[in-house]
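Descriptive analysis of the structure
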Amino acid sequence: MRFETFSFLPPLSPTQIEAQAAYLLKQGLIAAIEHAENPSHADIYWRQWPIVPAKINSATNQPEPLSASHLLNQLEACARRHPYAFIRLCGYCPKSRLVQMCFVARTPQEGQ
Amino acid sequence: MYAVFLIDIWLCLHHICNMDVNLGGLLKQILQEKGLSVTGAAQLAGISASNLSRILNGQVNPAFTTVLEIVRALGIPPEQMMVRLLPETPQAAASVPAMQVVLGLENTELSARAAGDLLLQAAQGGPAGWAGRYMAADVPAVRLVDSQQVGTRRLEVVVAFPHTLLEAGSIASLLSVASSALAGTGARLLDVAVPEILLRTFSGPMLGLRTVQDRFNKHGRPLLACTIRPMQGLSARMYGRAVYEALMGGMDFTADPTLLHSVAGNNWRERYHFAAEAAAAASRDSNERKNHMVNITAATVEEMEERIEFARDYEMDTALVDTAAIGWSALQSVAKLCGQQGLALCAMGNRALAGDVLPEQLHAKLLRLAGADVVSTGSPLRGNVSNRRYMAGVFNTLREDAWEANREQGHYVAQQMAAHAAVFPAVGGGHNPWHFPRLLDAVGQQMIVQCGGAAAGHPASLQAGAHACRVAMEALVQARNEGQNLTVDGRNILLRASKYSPELKQALDSFQDGSLLFGVVYGQAAARPTEASVVASGVNPSPPIIPPSVVTPFKRPEAPSPSAPEPTHED
């Protein structure tokens, strides 16, 4: 099943997904992980996977900034919890209020 | 003539007598300037000194005839009295927000100053009458801001029109006022700076760039659009078939050609019906949101309204209109109707016709104000570097909130867009996958690429052509995100992608890079490529210029004369 951006490319390898995640963070976008089973073109909203912070900085009591490898781990966690779902990684730009990037990173056929 | 003069003076002095102004103070000042005593002046005017001193001290309200006598005696023209009496508030007049219009005069014999006066007078509509001559200084009026020589043969004149002269929310009013100085002066309209107070009266795009992206769920890559070909001769059903194929191949939008309105055998109702079916089927089968832009261009706004409603009933989301052909007022009506029906309005079409009247950058600005959601623009890959810079200015006009004056980009004046939504540029003109790297670098990812020629010209099929375009674009976006430089590596990225996409390989083999950079073709020897033509590989789109001395004059080949005997080789 083809689904919007990058769907006409061969399936992305974990390294390639990590590179896209790194670009997302470098652009200052806000990351979101969304998943849906049986998505259709009419479904704009998918269910959101909460991205838990990697670790809390004990000095400031604030979460550390996200890293690309952590986003990849979160995609993995979501895929483990929802093995039959399509999982997409979105980057929302708070300045232009646009979803600047969004692509399906995991499909159900993978990893089985 | 004399009577008119008398009325003139009478009106003037009548004003003075009735106005709450310091007449005595002014007269005192004039006496001092002329070095006259009160008694001397009274003698000249033929009134008593005590009466004059009472007038000077403001103790009496003098009769009209008396003031006339005094003014005559002092030898002062009544107009001058009037002007000196009026409160001086040039600041107030200048502070009224004004629309600044930049006009250009080329190859003229006029000096900068004379050109400024000429254009100002033309903008005022000729010389002012007597009522205009005595206009209070604080009434906002057309004024000359700047007039300067740029280069050797070009003059640029800036004229400011107070916003009170313009009707709210009317492009027609804006253009009519801005172009008033063009009448009979041979000037061209270069740019218009619209003040915020006027900007807010225009509705602007109802959906705009962001909503189009969100509604069609296309994020993180440029969109691809394909104009359906052939333009003539398809039945409505086969036309729908072409729409389905292009969408299934990977196009995000298909569009009616701007010159296809309603023809026998493919009338607009049938076409909408089959195109809507095709778009719905493609959405269902490809699982992506697909759409077809229907051409609603028609003779009357009522007819276009009917077509908009018809399209809405078929759950279509976009309507397309040839803006230069229907005119500005019709465009504003159509934009409003599309907004009411929730359709995105695509202002496509005849840039050549529009460009004859307005520069592309100004045209884009007005389209944004009028409420187009998608605007077709020229390609930054055409022409030379200065055209690329100019096109950058056009993209600024469509997508940015504000910009500074930048002559290279075609912005003669700074402008801010007062929160009008950004517009999607639909970059047009004969792109094939080879052009995508440079195009993505020059325009950025928020654009619609019109690549119908490459899709339809693919040797395999329309669907394969659409597929090739989509694969090429996605591979480039992926590589850009990974940090590769598209201008440098674009070629390799495409060749690598063609390893897993046979359609792209075929497209890269059959099209050639650089066909947008056509030069001068000497004479009519070669068919000159147009903006929409996609040039096949191995064909030189711009053959070398042959200097006239080298050209062999055409010589009619000797026709074999029927009387001459056939040479025989038997002997």
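Keep in mind that what you see is a predicted model, and the values were worked out from it rather than measured.

A few words now on the overall build of chain B. Secondary structure assignment for chain B yields 25 helices and 14 strands. Considering chain B as a whole, with its 571 residues, one finds that 48% of them fall into the buried category. Here the contacts in chain B between residues at least 6 apart in sequence split such that 75% fall between residues at least 24 apart. For chain B, the accessible area works out to roughly 26400 Å², and carbon and sulfur atoms hold 53% of it.

It is worth spelling out the pairing of strand β1 (residues 30-36) of chain A at this point. All names here are of chain A. With respect to burial, β1 is a largely interior element, six of its seven residues being buried. Looking at chain direction, β1 and strand β5 (residues 86-93) are connected through seven bridges and run antiparallel. Of the residues in β5, the one forming a bridge with Glu34 is Arg88. Note that β1 and strand β2 (residues 47-49) share three bridges and pair antiparallel.

Applying the stated criterion across every chain yields a total of 24 salt bridges over all chains. Glu288 of chain B is the partner of Arg470 of chain B in a salt bridge, and the nearest nitrogen-oxygen pair spans 3.0 Å. Residue Arg470 of chain B is located in helix α23 (residues 462-481), and its partner Glu288 of chain B is located in the loop between α14 (268-286) and β7 (291-295); the two are separated by 182 residues in the primary sequence. Taking relative accessible area as the criterion, Arg470 of chain B reaches 0% and is therefore assigned buried. In this structure, Asp317 of chain B and Arg289 of chain B form a salt bridge, with 2.8 Å as the shortest nitrogen-oxygen distance. Pair noted here: Asp317 of chain B is in the loop between α15 (301-313) and β8 (318-322) and Arg289 of chain B is in the loop between α14 and β7, with a separation of 28 residues, a long-range link. The exposure class of Asp317 of chain B is buried, given its relative accessible area of 7%. Each of Glu4 of chain A together with Lys218, Arg221, Asp252, Glu288, Lys290, Arg470 and Glu474 of chain B takes part in salt bridges that share partners, so that together they form one network.

In this structure the tally under the stated criterion is two cavities of 30 Å³ or more. Put simply, the largest cavity is a space of about 70 Å³. What lines the largest cavity is Phe3, Glu4, Thr5, Arg88, Cys102, Phe103 and Val104 of chain A together with Asn217 and His219 of chain B. Among the elements that make up the lining of the largest cavity, the one with the highest residue count is strand β6 (residues 98-106) of chain A (three residues). Grouping the amino acids of the lining of the largest cavity by side-chain chemistry returns four nonpolar, three polar and two charged.

Per the stated rule, a full pass over the model turns up six aromatic pairs over all chains. Where Trp268 of chain B meets Phe310 of chain B, the ring centres are 5.2 Å apart and the plane angle is 80 degrees; that geometry is what we call edge-to-face. Remark: Phe310 of chain B occurs in helix α15 and Trp268 of chain B occurs in helix α14; sequence separation between them is 42 residues. For Trp268 of chain B, a relative accessible area of 5% corresponds to the buried category. Within the aromatic cluster, the residues linked to one another by ring pairs are Trp268, Tyr272, Phe310 and Tyr314 of chain B. Positioned over the ring face of Trp46 of chain A is Arg88 of chain A, at 4.0 Å from the centre of the ring. The ring of Phe310 of chain B is capped by Arg269 of chain B, whose NZ or CZ atom sits 5.8 Å from the centre of that ring.

Before going further, it helps to spend a moment on the interface of chain B and chain A. Contacts between the two partners involve 32 residues from chain B, matched on the other side by 28 residues from chain A. Carbon and sulfur atoms supply 49% of the area that chain B and chain A bury against each other, a total of about 2600 Å² over both sides. Interface area lost by chain B to chain A is led by Asn217, Asn287 and Asn481 of chain B, which between them contribute 25%. Counting across the interface, chain B meets chain A through two salt bridges. Two residues, Glu4 of chain A and Arg221 of chain B, come together in a salt bridge whose shortest N-O distance is 3.3 Å.

Moving on: the layout of surface pockets. Approximately 710 Å³ is the volume attributed to the second largest pocket. For the second largest pocket, the lining is made up of 31 residues, of which Ser96 and Leu98 of chain A together with Arg399, Ala422 and Gln446 of chain B are closest to its centre. For the lining of the second largest pocket, the elements supplying multiple residues, two or more each, are β6 of chain A together with α12 (208-216) and α23 of chain B. Counting residues per element, the lining of the second largest pocket draws most heavily on α12 of chain B, at four residues. By residue class, the composition of the lining of the second largest pocket is 12 nonpolar, 11 polar and eight charged.

Criteria and cut-off values
- Residues numbered from 1 in each chain as written.
- Chains lettered and ligands numbered in written order.
- Predicted model: local features only at pLDDT ≥ 70, side-chain atom pairs only at ≥ 80, totals over all residues.
- Heavy atoms only, no water.
- Helix = DSSP H or I, 4+ residues; strand = E, 2+ residues; numbered from the N terminus.
- Buried < 20%, exposed > 50% of the residue type's maximum accessible area, 1.4 Å probe, protein only.
- Contact = heavy atoms within 4.5 Å.
- Areas by Shrake-Rupley, 256 points an atom, 1.4 Å probe, with all protein chains shown as cover.
- Pairing = 2+ DSSP bridges.
- Salt bridge = Lys/Arg side-chain N within 4 Å of Asp/Glu carboxyl O.
- 1 Å grid on protein atoms, 1.4 Å probe; cavity = no way out; pocket = protein on both sides within 12 Å on 5 of 7 lines; lining within 4 Å.
- Points joined across faces, edges and corners; volume = space filled by probe spheres on them.
- Nonpolar A, V, L, I, M, F, W, Y, C, P; charged D, E, K, R; others polar.
- Phe/Tyr/Trp six-rings, centres within 6.5 Å; stacked < 30°, edge-to-face > 60°.
- Lys NZ or Arg CZ within 6 Å of the ring centre and 35° of its normal.
- Buried area = accessible area lost by both parts, 1.4 Å probe.

No statement about biological role is implied by the geometric values presented.
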